[in-house]
Amino acid sequence: MDIIKYIDKIRQDFPALKTKVFGKPLAYLDNAATTQKPQLMLDAIEDYYSAINANVHRGVHFLSESATEAYEGARQRLQQFINAKHSNECIFVRGTTEAINLVATSFGQQFVKQGDEIVLTQMEHHSNIVPWKLLCERSGAELRIIPVNNNGELELSNLDAIFSERTKIVAVTHISNSLGTINPVKEIISKAHERNIPVLIDGAQAAAHIKIDVQDLDCDFYVLSAHKCYGPMGVGLLYAKQKWLEQMPPYQGGGDMILQVTFEKITYNSLPFKFEAGTPSVADAIGWHAALDYLAHLDHKAIAQHEKVLLEYCVQRLQELPHLKFWGTAKNKAPIVSFTLDDIHPHDIGTIVNEYGVAVRTGHHCNMPLMDSFGITGTVRASFGLYNTIQEVDQLCDALQNVHKIFRR
Ligand code: PMP
């Protein structure tokens, strides 16, 4: 296959990639923050609002039944995407952040008390720290942290000392959003399960790059956001083993999550509805379904290879720049490259390359504890998606040469 032609063809499916920035072609290298959207997904959302729009699960009329069918169809598609055993283990949420808040609140209320421990890692996104910290403040539990080594890999040799009788849950990111490290989550899950400790995997960065199989991982919870894997903003997924969802109290109260309400007593709905209070983001769930169908038709092997080439080429070209330091050089990495250039502030670098049409992320990437452990305040991050090209890597590296000139280094 001619990969250049193939990627060029894929690019035609993403209208936002045609945007010009200051008259220059956009090089969109901020895919870890959010990915661009395929036209098929945009069409599916427009079609829903134009022809079906109705509230789900509530009406007996034609439109409501059509909307319900499409919404539940999206759930089944998600079940297939992550290989969950049952579709009622798939809860629609607003995104990864809401999914983690749901688990920390509901699982926390049921299972976590004073003196218990929650194990996180040094590289977690704030969305996988703050909800647990809030739980600690409410319950009197404490955080235990798995450290990260200089390459940006988890230091797992000490797990036996970190896990204890008091550990109630472990929450780990599948792929680091700032370093790209792919963590050995299967190994962590199996170690935790030896002690009957449940594990939540933050899959926000993983869904766009690796095949997710929750049964193979045997994780207890898996969370992700549609917008980071070519789907719409405003919808995400909480996967949880049925045994946990059955024991956990509802997270929010309202319509759809009840069977019966009296002022004396409330009976909850069955799964998954017990955890979906209020009108859900129906159009976005349907749009996500369309995005997943679009992705399913692509050549995953060719794309994985292409993303690997982009990563290697980017690292090779960045090495040409004097005073550049990489952050995160793990052996097993997703196409995410983080770096600093001498003592130039990452925001200055981002602002300058923006003038050359290059979109990168700068700052702490919602990883302040990780940045603190490295003794830095932030990095410049280039993160690649399936539609990026070698020319865009060159566009970034050429723009960075100008940063050097401007700062006379
Ligand atoms: N976890 C990780 C690893 C992430 O990269 C992100 C988004 N940057 C989140 C959680 C939060 O995702 P969202 O904002 O979609 O809820």
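Refer to the preceding data block for the structure.
The notes below deal with the structure included here.

Reading guide: rules and limits
- Residues numbered from 1 in each chain as written.
- Predicted model: local features only at pLDDT ≥ 70, side-chain atom pairs only at ≥ 80, totals over all residues.
- Heavy atoms only, no water.
- Buried < 20%, exposed > 50% of the residue type's maximum accessible area, 1.4 Å probe, protein only.
- Helix = DSSP H or I, 4+ residues; strand = E, 2+ residues; numbered from the N terminus.
- Pairing = 2+ DSSP bridges.
- Near = heavy atom within 4 Å.
- Polar contact = N/O pair within 3.5 Å; in protein donor to acceptor, adjacent residues only side chain to side chain.
- Areas by Shrake-Rupley, 256 points an atom, 1.4 Å probe, with all protein chains shown as cover.
- Nonpolar A, V, L, I, M, F, W, Y, C, P; charged D, E, K, R; others polar.
- Axes fitted to C-alpha atoms, helices over the stretch in contact; angles between N-to-C directions.
- Contact = heavy atoms within 4.5 Å.
- Core = buried A, V, L, I, M, F, W, Y, C linked by side-chain atoms within 4.5 Å.
- Domains from an automatic or database assignment.
- Parallel < 35°, antiparallel > 145°, perpendicular 65-115°, else oblique.

A separate point is the pairing of strand β14 (residues 336–341). With six of six residues buried, β14 is to be regarded as a mostly interior element. Of the two faces of β14, the one holding I336, S338 and T340 and the one holding V337, F339 and L341 are both buried throughout. Judged from the four bridges that link them, strand β13 (residues 324–327) and β14 form a sheet pairing that is antiparallel. In the sheet register, W327 faces β14, and the bridge partner there is S338. Where β14 and strand β17 (residues 379–383) come together, four bridges link them in antiparallel fashion. Within β17, the residue paired with I336 across the bridge is S383.

Moving on, we get to the site of the ligand. Looking at the ligand, the residues that line it are T96, T97, H125, S127, T173, N177, D202, A204, Q205, S225, H227 and K228. Contacts to the ligand include H125, whose side-chain N or O atom sits 3.2 Å from a nitrogen atom. Contact between the ligand and S225: an oxygen atom at 2.7 Å from a side-chain N or O atom of the residue. Protein burial of the ligand: of its 400 Å² of free accessible surface, 84% is covered by the chains. A per-class count over the shell around the ligand returns one nonpolar, nine polar and two charged.

Looking now at the sheet that holds strand β16 (residues 361–363). One open sheet holds the four strands; their spatial order is β13-β14-β17-β16, and the pairing between them is antiparallel. Of all strands in the sheet, those with a lone pairing partner are β13 and β16, marking the two edges. Between one strand axis and the next, the sheet turns through 30° on average, direction left out of account. The strands touched by helix α11 (residues 300–318) are β13 and β14; relative to β14, the strand with the most contacts, the crossing angle is about 10°. Against the sheet, helix α12 (residues 346–354) touches β14, β16 and β17, its axis set at about 160° to β16.

In terms of nonpolar packing, the biggest core is built from 77 residues, with I10, I82, V170, Y222, L224, W288 and L386 touching the most fellow members. Among the elements that line this core, the one with the most residues is helix α10 (residues 282–296), at nine residues. No fewer than three residues from each of domain 1 (3–30 + 299–408) and domain 2 (42–295) sit in this core. Here I82 is in contact with C90, I212, D213, V214, L224, L237 and Y239, once residues within four sequence places are set aside.

This part is about unusual backbone geometry. Following L271, the chain continues into P272 via a peptide bond in cis, with omega recorded as 5°. Tracing the backbone shows P272 in the loop between β12 (266–268) and α10. One non-glycine residue, H57, lies in the positive phi region at around 65°. Mapped onto the elements of the fold, H57 is located in the loop between α2 (39–52) and α3 (62–82). You will see that N196, though not glycine, has its phi angle at about 60°, which is positive.

Below, the discussion takes up the environment of D216. Residue placement: D216 occurs in helix α8 (residues 214–217). With a relative accessible area of 44%, D216 lands in the partly exposed category. Along the primary structure D216 and L386 are separated by 170 residues, whereas in three dimensions their C-alpha atoms are 25 Å apart. A polar contact of 3.0 Å, which involves the side chain of D216, links it to the side chain of K186.

A word on the packing of α2 against α3. One can describe the packing of α2 onto α3 by two numbers: an axis separation of 10 Å at closest approach and a directional angle of 160°. In terms of axis orientation, α2 runs roughly antiparallel to α3. In this structure, α2 uses Y48, A51 and I52 to contact α3, whose residues at the interface are L63, S66 and A67. In terms of residue class, the contact of α2 with α3 is built from five nonpolar, one polar and no charged.

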